[in-house]
Amino acid sequence: MRGSDIPADFPGCKQIFTDDEQINSGKSSIIAPGGTNIAGPLASEVGILYAEIDLSEVRSSRRSLDVGGHYNRPDIFSLEVNRQQQRAAILGDN
C-alpha cells in the first residue's frame, strides 16, 4: 500500500502521506493448513503468489475447527453491527 492509495479527501492526507511512500510492505504468503509457509513472503513488490495444495489436507483441517460446536457460543458471544455512518478520523487539538 502506498500513499497514493489513500483517498485525497481523507482528513490530513497530504500532511500524513507522500504519494510514493510505502505504508505497508505486504509480506503476502500462502500458508498450508498445518501452518507451513509454502509460498512467499512477497514483500515490497506487486505480484501474485502461486502454490500447489493438497486438497486432502484442507479437508482434514476443516474437521479440526468445530464452528458449529463448542466455538458456537451465543450464550457468551454476540455480534453487533453499528450501521450508522462513522467518521474515518477525529482530529483534536489536545
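Keep in mind that this is a model prediction, so the values were computed, not measured.

Rules used throughout
- Within any chain, residue numbers begin from 1 and follow the written order of that chain's sequence.
- Thresholds applied to this predicted model are a pLDDT of at least 70 for local features of residues and 80 or more for the giving and counting of side-chain atom pairs; totals over whole chains, interfaces and linings are not thresholded and use all residues.
- Note that water and hydrogens are dropped before the side-chain values are worked out from all heavy atoms of the structure.
- Each helix is a run of DSSP H or I of at least 4 residues and each strand a run of E of at least 2, with the numbering of both proceeding from the N terminus.
- Radius of gyration here uses only the C-alpha atoms, and the compact-globule reference equals 2.2 Å multiplied by the residue count raised to the power 0.38.
- Buried, partly exposed and exposed residues are distinguished by accessible area as a fraction of the type maximum, computed with a 1.4 Å probe on protein chains only: under 20%, between the cut-offs, and over 50%, respectively.
- Contact criterion: two residues are considered in contact whenever any of their non-hydrogen atoms come within 4.5 Å of each other.
- Should DSSP find at least two bridges between two strands, the strands are taken to pair.

A. Inspection of the overall build of the protein chain at higher detail. The helix and strand tally for the protein chain stands at 2 helices and 2 strands. Along its sequence from the N terminus, the protein chain presents helices and strands in the succession α-β-β-α. Scaling as 2.2 N^0.38, a compact globule of 94 residues should have a C-alpha radius of gyration of about 12 Å, whereas the protein chain reaches 21 Å, well beyond that. Counting only C-alpha atoms and orienting by the principal axes, one finds that the protein chain spans roughly 50 × 40 × 20 Å. For the protein chain, with 94 residues in total, the buried portion stands at 7%.

B. Quick peek at the environment of Pro41. Within the element layout of this structure, Pro41 appears in strand β2 (residues 37–43). When its relative accessible area of 51% is taken as the criterion, Pro41 is described as exposed. Taking the C-alpha atoms as reference points, Pro41 and Ser29, 12 residues apart in sequence, are found 4.6 Å from one another. In contact with Pro41, not counting residues within four places along its chain, are Lys27, Ser28 and Ser29.

C. Just unusual backbone geometry, in detail. With omega at 10°, the peptide bond leading from Gly40 into Pro41 counts as cis. Even without being glycine, Lys27 reaches a positive phi, approximately 55°. Tracing the backbone shows Lys27 in strand β1 (residues 26–31). For Lys27, a relative accessible area of 54% puts it in the exposed group.

D. Up close: the pairing of β1. Across 4 bridges, the pairing between β1 and β2 is antiparallel. Bridge pairing links Ser28 to Leu42 in β2. Connecting β1 to the next strand, β2, in antiparallel fashion are 5 residues, including Gly35 with a positive phi near 100°.

E. Quick peek at the environment of Glu45. Position of Glu45 among the secondary structure elements: in the loop between β2 and α2 (55–64). Given a relative accessible area of 53%, Glu45 falls into the exposed group. For Glu45 and Ser25, which are 20 residues apart along the polypeptide, the C-alpha to C-alpha distance reads 7.6 Å.

Spatial relationships are all this shows, so hold off on functional conclusions.
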